[in-house]
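Residue strings, one per chain:
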Amino acid sequence: SYESAEGVIIQNAPLALPDAIHNTATLRIAENVQGTYLQDLTIRNALTTTNAVALWDQGTQTVCKNVRLLSRQNTYFLLSQIHGPKRLDNFQILQ
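This text gives an overview of the structure that appears in the document. It should be emphasised that the depicted structure is a prediction, and the values quoted were computed from it without experimental measurement. Sequence order as written defines the numbering, with residues in each chain counted from 1. Per-residue local features are limited, in this predicted model, to residues with pLDDT of at least 70; the limit for side-chain atom pairs, both in listing and counting, is 80 or more; totals at the level of whole chains, interfaces and linings are taken over all residues. Where side-chain values are given, they derive from all heavy atoms of the structure, hydrogens and water being excluded.

**Considering the overall build of the protein chain**
In plain terms, the rule: Starting at the N terminus, helices and strands are each numbered in turn, a helix being any DSSP run of H or I of at least four residues and a strand any DSSP run of E of at least two. The buried label applies to any residue whose accessible area, calculated with a 1.4 Å probe on protein chains only, is under 20% of its type's maximum; exposed applies above 50%, and partly exposed to all values in between. Two residues form a contact once any of their heavy atoms are found within 4.5 Å. Each accessible area is a Shrake-Rupley result for a 1.4 Å probe, and residues are judged covered by the shown protein chains and nothing else.
Along the backbone of the protein chain there are two helices and seven strands. Counting from the amino terminus, the protein chain carries its helices and strands in the arrangement β-α-β-β-β-β-β-α-β. Going through the 95 residues of the protein chain one by one, you find that 41% of them count as buried. A sequence separation of at least 24 residues applies to 62% of the contacts in the protein chain between residues at least 6 apart. Within the structure as shown, the protein chain displays about 5400 Å² of accessible surface, and the carbon and sulfur contribution to it stands at 49%.

**Some thoughts on the sheet that holds strand β6 (residues 76-78)**
Under the convention used in this document: DSSP calls a pair of strands paired once it identifies at least 2 bridges connecting them. The angle between two axes is taken between their N-to-C directions and runs from 0 to 180 degrees, where each axis is a line fitted to C-alpha atoms and a helix contributes only its stretch in contact.
Here we have three strands laid out as an open sheet, ordered β2-β4-β6, and parallel in their pairing. The outermost strands of the open sheet, each flanked by one partner alone, are β2 (27-29) and β6. Here the average twist between neighbouring strands, direction ignored, is 10 degrees. Pairing analysis gives three bridges linking strand β4 (residues 55-57) to β6, with the strands arranged parallel. Within β6, the residue paired with D57 across the bridge is L78.

**Here we look at the packing of aromatic side chains**
Heads up, the rule is: The pairing test for Phe, Tyr and Trp rings, Trp by its six-membered ring, is centres within 6.5 Å, and the orientation test on the planes gives stacked under 30 degrees, edge-to-face over 60, and tilted for anything in between. A ring is scored as having a charge over it whenever the NZ atom of a lysine or the CZ atom of an arginine sits within 6 Å of its centre and within 35 degrees of its normal.
Tallied over the entire structure, the rule returns zero aromatic pairs. One cation-aromatic arrangement involves R28 over W56; the distance from NZ or CZ to the ring centre is 4.6 Å.

**Observations concerning the nonpolar core**
Where a protein is soluble and globular, its nonpolar side chains tend to be buried together. Heads up, the rule is: Residues belong to a common nonpolar core when they are buried Ala, Val, Leu, Ile, Met, Phe, Trp, Tyr or Cys residues joined through side-chain atoms within 4.5 Å.
Residues I29, L38, L41, I43, A54, L55, C64, V67, L69 and Y76 constitute the largest nonpolar core, which totals 10 residues. Elements with a contribution of two residues or more to this core: β3 (37-45) and β5 (62-70). Leave out the neighbours within four places in its chain, and I43 touches I10, T26, L27, L38, A54, R68, L69 and L70.

**What about the pairing of β5?**
Where burial is concerned, most of β5 is hidden: eight out of the nine residues are buried. As defined by bridge partners, β3 adjoins β5 across seven bridges and the pair is classed as parallel. When the sheet's bridge partners are listed, Y37 is paired in β5 with V63.

**Observations concerning the environment of R44**
As for its position among the elements, R44 is in strand β3. Under the relative-accessibility criterion, R44 is labelled partly exposed at 32%. Between the C-alpha atoms of R44 and L70, which are 26 residues apart in sequence, the distance is 4.6 Å.

This is the structure we're talking about:
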């Protein structure tokens, strides 16, 4: 079903690179982005050797509803004190 987190999967399996958080995130929301809305999807990083960020969120007012994050390590990377509030509804982080 496309109305479930399992129905839509965004995935990457990048090479293990130095400074992996900056080079291997499956989805990055940049600093100047405001009001991103993610719903009914899975974001997966299939890297198995180092940091494997699924979602790197630097934006403001990000909303995640029924979102699953899958990876090995450092699954969700954000700077919430600097970049404002987040709304996370039915948000799962799985490793």
